[in-house]
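Structural overview
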Amino acid sequence: MKSPYARFALSRTAQAIVVVLLAYVFTFFVISVLPGDPVSSTLKNPDNGFTQEDIDRIIAYYGLDEPLLTQLWTSLTRFLTGDFGISLRSNLPVGQLIAEALPSTLILASTALVVAIILAALIAWGTQVLPAKYGQGLLRALPSLFLSVPNFVIGLLLIQVFAFGLGLFRIIDAESPWSTFFAAIALGIPVSAQLAEVLIANLDHESRQEYVAVARSQGLRRTRLFARHLVKPSALPTITVLALIVGELLGGSLITETIFGRTGIGTLVQRAVASQDLPVLQAVVSLAAVVFVVVNLIADLAYPLLDPRVSLERTLRSRDTSPAAEQPTRTPLQEEVSVI
């Protein structure tokens, strides 16, 4: 018999696969119901320079002369095998265009995620460890300030100060380490606000528990109390938020890449929208859905490992109705409090 966690993992994985397939089907039908035939109209545009032979070949490749469900099946099977079609703008494989643009976006998004996590952790740490007279109120106001300022404003300020003022990086060298770092700051600051607010709220909740009061009465220092007993239970809800903001990082990369002159997925989408390059748009949207679903799947699978109560509660609800089975797992410090 498979373990409860194995059944949980298989169930979540199956749900993730269904979500990805539904996202692709939804994107396909949204593009299909657009007025007219965007692909044919793009091909027949004299400015694009396609001959009638090229037009017939591309229409046959995409199956535009076939029923809609047949087009969907052909497109879906190609997507599952890694064939994203041909760009109508550059006449190059869409997979090649994505492969060229993806590394820059991944570097920017991953760096921004690290910046957001570090900044949120520092703010949350300060609200719990620093005395109130050292600006704890100001720290608690920072997440609201970060959310209220758009990332393009932050990006322009960083360029003005650190590029034009201090000369740490040059706009024409958008892929340099310093340019990537400040672009990640512009992208990561608004994201850090959401993480910080959730983390602060959960830290405040945990700090009001009885076991924390007992620990303080025993002379446990604030820093040690924060590191040993407050971080782990408070960080669990943050994992869920962290998975959700991945989509915001991917979406925000369009603006950030434009401001800092980077060439990534955001730039690829911008050009595809301007030229109505639908194969590129569908491939990027579908891949973004895959990334978003996979990250949230990883968060779902990690949550029971970090908090055993999640998996236990899911299995015990269906198998055991005894009051003892509904008792949550307690931390070592909570056990010590109960003994006292």
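- The protein appears in an unreviewed UniProt entry as Glutathione transport system permease protein GsiC from Microbacterium trichothecenolyticum.
- Quoted verbatim from the Sequence similarities (unreviewed entry) field of UniProt, the annotation for the protein is "Belongs to the binding-protein-dependent transport system permease family."
- Note on the protein: under the UniProt heading Subcellular location (unreviewed entry), the record states "Cell membrane".

1. Focus: helix α8 (residues 177–207)
- Gly188 marks the point of greatest bend in α8, at about 35°, and the proline Pro190 comes within the next four residues.
- Most of α8 is tucked away: 23 of the 31 residues are buried.

2. Regarding the packing of helix α5 (residues 94–129) against α8
- For the pair α5 and α8, the least separation of the axes is 5 Å and the interaxial angle reads 35°. As for the relative orientation of α5 and α8, their crossing is right-handed in sense.
- Counted by class, the contact of α5 with α8 contains 22 nonpolar, 7 polar and 1 charged residues.

3. Quick word on the environment of Ile200
- Here Ile200 lies in helix α8.
- Accessibility expressed as a relative area gives 7% for Ile200, which makes it buried.
- Taking C-alpha positions, Ile200 is 9.2 Å from Ala121, a pair spaced 79 residues apart along the chain.
- Ignoring anything within four residues of it in the chain, the contact list for Ile200 reads Ile123, Ala124, Thr127, Gln128, Arg140 and Pro143.

What counts as what
Residues numbered from 1 in each chain as written. Predicted model: local features only at pLDDT ≥ 70, side-chain atom pairs only at ≥ 80, totals over all residues. Heavy atoms only, no water. UniProt positions renumbered as here; feature names shortened; annotations may be inferred. Bend = angle between axes of the 7 residues up to and from the residue. Helix = DSSP H or I, 4+ residues; strand = E, 2+ residues; numbered from the N terminus. Buried < 20%, exposed > 50% of the residue type's maximum accessible area, 1.4 Å probe, protein only. Axes fitted to C-alpha atoms, helices over the stretch in contact; angles between N-to-C directions. Left-handed = near helix turned anticlockwise from the far one by under 90°. Nonpolar A, V, L, I, M, F, W, Y, C, P; charged D, E, K, R; others polar. Contact = heavy atoms within 4.5 Å.

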